[in-house]
Amino acid sequence: MKNENELLLDLSTDSVRAHIKIDGVSYGLCGLDDLSITSRQKLNELGTQLSSVGEINTVDDEERYNAILQSLLSLVIVEINTEVLQKLSITKKIEIVNAYMEVNGLLKKKTE
């Protein structure tokens, strides 16, 4: 028998889960659950493309990897413009992707 006071769902309409700062400007990271179905599909496709790049040995590899990161971040960072993203190094873009994955529970925690 279910408890009448049992909480079944705890939903929020706030789509921003965390914030990052770039050059002193705060940008929201949208929650994975708040992306549209098509955006989630695109995010999955971009993740697959990122993992398929493998080693980055040439300028072409680096440009391809950077373009994928750029597209991915455009999906998950609220109200950021392309010029700001283009200024970021690949390493900084990867840091943002890792932060996004962590805040959305997509990173497996290391066990000690």
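Residues numbered from 1 in each chain as written. Predicted model: local features only at pLDDT ≥ 70, side-chain atom pairs only at ≥ 80, totals over all residues. Heavy atoms only, no water.

Within the secondary structure, Ser 39 is located in helix α1 (residues 37–53). Its relative accessible area of 18% is what places Ser 39 among the buried residues. Considering only alpha carbons, one finds Ser 39 and Glu 4, 35 residues apart in sequence, at a separation of 37 Å. (Helix = DSSP H or I, 4+ residues; strand = E, 2+ residues; numbered from the N terminus. Buried < 20%, exposed > 50% of the residue type's maximum accessible area, 1.4 Å probe, protein only.)

Turning next to the pairing of strand β1 (residues 16–22). Regular strands have side chains that alternate between both faces of the sheet. Across six bridges, β1 lies against strand β2 (residues 25–30) in antiparallel orientation. Note that in β2 the partner of His 19 across the bridge is Gly 28. The antiparallel hairpin formed by β1 and β2 contains two residues in its connecting segment, where Asp 23 sits at a positive phi of about 50 degrees. (Pairing = 2+ DSSP bridges.)

Here the focus is the nonpolar core. Membership of the largest hydrophobic core comes to 27 residues, with the highest contact counts inside it found for Ile 22, Leu 73, Ile 77 and Ile 96. Contributing elements (two or more residues each) for this core: β1, β2, α1, α2 (59–76), α3 (82–87) and α4 (90–103). For this core, the leading source of residues is α2, giving six residues. Leave out the neighbours within four places in its chain, and Ile 77 touches Ile 20, Tyr 27, Gly 28, Leu 29, Leu 85 and Ile 96. (Core = buried A, V, L, I, M, F, W, Y, C linked by side-chain atoms within 4.5 Å. Contact = heavy atoms within 4.5 Å.)

Attention now moves to the environment of Glu 6. Mapped onto the elements of the fold, Glu 6 is located in the segment before β1. Take Glu 6: its relative accessible area is 40%, and that puts it in the partly exposed class. Residues Glu 6 and Asn 98, spaced 92 residues apart in sequence, show a C-alpha to C-alpha distance of 35 Å.

All right, on to α4 then. With 14 residues, α4 ought to run about 20 Å at 1.5 Å a step, and its terminal C-alpha atoms sit 20 Å apart, in line with that. Along α4, the residues that are buried comprise Ile 90, Lys 93, Ile 96, Val 97 and Tyr 100. Viewed end-on, α4 has its buried residues packed into an arc of 120 degrees, placing them on one side of the element. In α4, the exposed positions angled more than 90 degrees off the buried face are occupied by Thr 91, Glu 95 and Glu 102. (Expected span 1.5 Å × (residues − 1). Arc of directions from axis to C-beta.)

None of the figures reported here should be taken as evidence of function without further support.
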